[in-house]
Structure formats: structure tokens, C-alpha cells
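# Structural overview for review
What follows is the residue order along each chain.
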Amino acid sequence: MKAIGDVLKDQVAEAAKKNQRDFSKKSYKDLQSRVFSDPDVHAFFEKHKDELTRDGVYATFANIYEYWQQKDGHDKILAGYVPKLFVEGHGVGIKYEATAEKVEEDKQRATQKRIELIDLPEKLRRVKLGDIDFNGRREALEGIARFFNNLKAGSPARGLYLSGDFGVGKTYIMAGVANESAGLGKKVIFLHMPTFISSLSSHFDDNSLQDEIHRVAYCDVLILDDIGAESLSPWSRDDVLGVILQARMDNDLPTFFTSNLDMDALEDHFAKTRNSDEPAKAKRLMQRVRYLAQEVQISGANRRFGNN
């Protein structure tokens, strides 16, 4: 693969052919005059006049000409990059740097790659904390601020358990947390709990269940959406969810939850699996949930058809 500079030189030469440019001595001198009188080129010469020599400048005129052609975006060869001049020996070199817009685009693309959505809408990737209306949600806002302060400081960062009715914005808030965490370089798994539990059997055929449990248990930030709405068996409660939460508790890994149930109601849900009523096991599981997250009630009108 050719270097950027070589690609551009080929393109410049091709453009000259298409324009049937006559590079006679006179026209070449005229071209040099136009290039050297360009304000940006002239400013570069002035800034580095003690480092440059006449022979060095003329010997590297091709680089200066390339810069002159490309700097204003005319006949742009590489979108998202701008040419920069630098002193090379006693002459002038050229390099290409990403624009601020491209740097931001690349950052956003990298952030999105660090978020894994499992059975949740792709649009959640676009939610930013700054987009969220926290009016009347001061406790949630304070909890999120505290979490990110601890995360940035490298301290154990306790998550939140957002409880409340359908459509009040719990998942939307967690999308903001997911994107902010990913922006800090964290690998985030954001999964819909009922679908995750119901899909566990799909891992039996290829014996990948333990790998899946380990992946979820040890990601940097885990968000379990709509916990309490899943249909649990003693096995999925104890050997899947229990194992995941135990690993996260043991390693102080940030974990968030959303639920239509408060924590007490979630404990009742855990106790009553398909064929049994086991309050002791439910209590043990809830100790892990309570260790990992602070419960915050989210109230208000159904916002699914409006702003969150």
C-alpha cells in the first residue's frame, strides 16, 4: 500500500496532466511565485527563516506545491486530513494530520465499539448523559456523578438500581451511563435480562455457555436491563445470575440494574422460581444486588412517546 504522500503526489501529477499544464521555465516560475506568495506558505517561511535555505526550499518545492493544492480542500484526495508543513533539513516537508472533526468521529466510533448491546435497540448508542432530562431525578443524577468520580479516580464504583414504572426513562438513563463509560475506555455490556435468560439454551449446542457467563461476569461495566421480568428456574437463578453477580461483587466491578420492581419485590421474584419457593436463596442473591448497587426510584409520566 502506498504512503499518503505518494498517493497525493500521483494525484497531483495526474491533475497536472488533465489540465495540460505547461511547465515551461516561465510557467514554472509563475507557479512558484503564486505558491510562495500564499499567506500560509509565506507565514511558514517567516516563522522558520533561520532554519531554511534558498536551495533547500527550491529543492523541496514539490512538497510546498502539494500543500498549496491541498490545504483549502480543493480537489481533496483524503477526506478528514489536512496537510501540514514542517522543516526537513534545510527544506520543507509535508505531512497529513486528522482534522478535529475526524478525531471526534474516530473517538465516537471507538466508543460505540466498546458497547455491546444484547437484545436492545441500536438507538441507545446515541444517548448522551447531557441529553437526559434529570429534572426531578436529583438522586439519580447525584448517584451517577458519584459513580463517574470514583471510576475516574480508580476507586470502587458502586452502581445504581433504578426502579420505577414502565416508560419513565430508566433504560434511557442507563444508555447515557453506558456511553459515558465507554467514552472512558471501558468495555460495557448492556443486556435485556428477560431475553438473555431465555436465550441461554442456545449456548448448549456449542458448549459456549461458560464462556458467555464469564464474558458477562467480568466486563468492565455491566447493565442488566428489566431485571425481574425474566422467567427464572433454580438453575438460571443460582448457576447463571448468581455466578455473574458473585464474580462482580468479589471483584468490585461496576454493575447497574433497571427494574419495574423495587428491591424487596425483586427478592420475592427470586424466591419463587418455576417449581419452588426458596426465600433463603433469594435473600443470598439480593445481598449481592444490594452490595453492587444503590436503589434509586425513578418516577414520573410515561416518557416513551416524548423526551427522556
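Okay, so let's go over this structure. This structure is a prediction, so every number in the text was calculated from the model and none was measured.

Looking now at the overall build of the chain. Along the backbone of the chain there are 13 helices and 10 strands. Classification of the 308 residues of the chain by burial places 44% in the buried group. Partitioning the intrachain contacts of the chain with sequence separation of at least 6 by distance along the chain shows that 76% fall at a separation of at least 24. Looking at the chain as shown, the accessible area adds up to about 16,800 Å², and 49% of this sits on carbon and sulfur atoms.

In terms of nonpolar packing, the biggest core is built from 33 residues, with L191, F196, L224, I227, F257 and F270 touching the most fellow members. Elements supplying a minimum of two residues to this core: β5 (188-192), α9 (193-198), α10 (209-217), β6 (221-225), α11 (234-250), α12 (263-271) and α13 (279-292). Residues in contact with F270, not counting those within four places in the same chain, are I227, E230, L232, R237, L241, A282, L285, M286 and V289. One finds A140, M174, A175 and F190 within the second-largest nonpolar core, a separate group that totals 30 residues.

Every buried residue of α12 is listed here: M263, L266, E267, H269, F270 and A271. The backbone nitrogen of D264 lies 3.2 Å from a side-chain oxygen of the residue at the head of α12, namely D262.

The strands making up a sheet associate through backbone hydrogen bonding, with each pair oriented either parallel or antiparallel. In space, the six strands of this open sheet follow the order β3-β5-β6-β7-β4-β10, with parallel pairing throughout. Looking along the sheet, the strands with just one partner apiece sit at the ends: β3 (115-118) and β10 (293-297). Sheet twist, expressed as the average angle between the axes of neighbouring strands with direction ignored, equals 15 degrees. Across five bridges, the pairing between β5 and β6 is parallel. Looking at the pairing, I189 lines up with L222 of β6.

Okay, the packing of α11 against α13 next. The geometry of α11 relative to α13 is characterised by a closest axis approach of 9 Å and an angle of 35 degrees between their N-to-C directions. In the crossing of α11 with α13, the sense of the turn from one axis to the other is left-handed. Note on element contacts: α13 touches α11 through K281, L285, R288, V289, Y291 and L292, opposite R237, D238, L241, G242, L245, Q246, R248 and M249. Partitioning the contact of α11 with α13 into residue classes produces seven nonpolar, two polar and five charged.

Summed over the entire model, instances satisfying the criterion amount to 16 salt bridges. For E142, the salt bridge identified is with R138, shortest N-O distance 2.8 Å. Linking E142 with R138, this pair stays in helix α7 (residues 138-153), spanning four residues, or about one helical turn. Relative accessible area serves as the criterion here: at 38%, E142 is assigned to the partly exposed category. Notably, a salt bridge pairs D238 with K281, separated by 3.6 Å at the nearest N-O pair. Separated by 43 residues along the polypeptide, D238 in helix α11 and K281 in helix α13 bring together distant segments of the chain. Look at D238 and you get partly exposed, because its relative accessible area is 25%.

So, on to the packing of α12 against α13. In helix packing, the relevant descriptors are the interaxial angle and the interaxial distance, both defined with respect to the helix axes. Two numbers describe how α12 lies on α13: the axes approach to 8 Å, and their chain directions differ by 140 degrees. By the angle between their directions, the pair α12 and α13 is classed as oblique. The two elements α12 and α13 meet at a crossing, and its hand is right-handed. Of the residues in α13, those in contact with M263, D264, L266, E267, F270 and A271 of α12 are P279, A282, K283, L285, M286, V289 and R290. Per-class residue counts for the contact of α12 with α13 are nine nonpolar, no polar and four charged.

About the thresholds
- Residues numbered from 1 in each chain as written.
- Predicted model: local features only at pLDDT ≥ 70, side-chain atom pairs only at ≥ 80, totals over all residues.
- Heavy atoms only, no water.
- Helix = DSSP H or I, 4+ residues; strand = E, 2+ residues; numbered from the N terminus.
- Buried < 20%, exposed > 50% of the residue type's maximum accessible area, 1.4 Å probe, protein only.
- Contact = heavy atoms within 4.5 Å.
- Areas by Shrake-Rupley, 256 points an atom, 1.4 Å probe, with all protein chains shown as cover.
- Core = buried A, V, L, I, M, F, W, Y, C linked by side-chain atoms within 4.5 Å.
- Polar contact = N/O pair within 3.5 Å; in protein donor to acceptor, adjacent residues only side chain to side chain.
- Pairing = 2+ DSSP bridges.
- Axes fitted to C-alpha atoms, helices over the stretch in contact; angles between N-to-C directions.
- Left-handed = near helix turned anticlockwise from the far one by under 90°.
- Nonpolar A, V, L, I, M, F, W, Y, C, P; charged D, E, K, R; others polar.
- Salt bridge = Lys/Arg side-chain N within 4 Å of Asp/Glu carboxyl O.
- Parallel < 35°, antiparallel > 145°, perpendicular 65-115°, else oblique.

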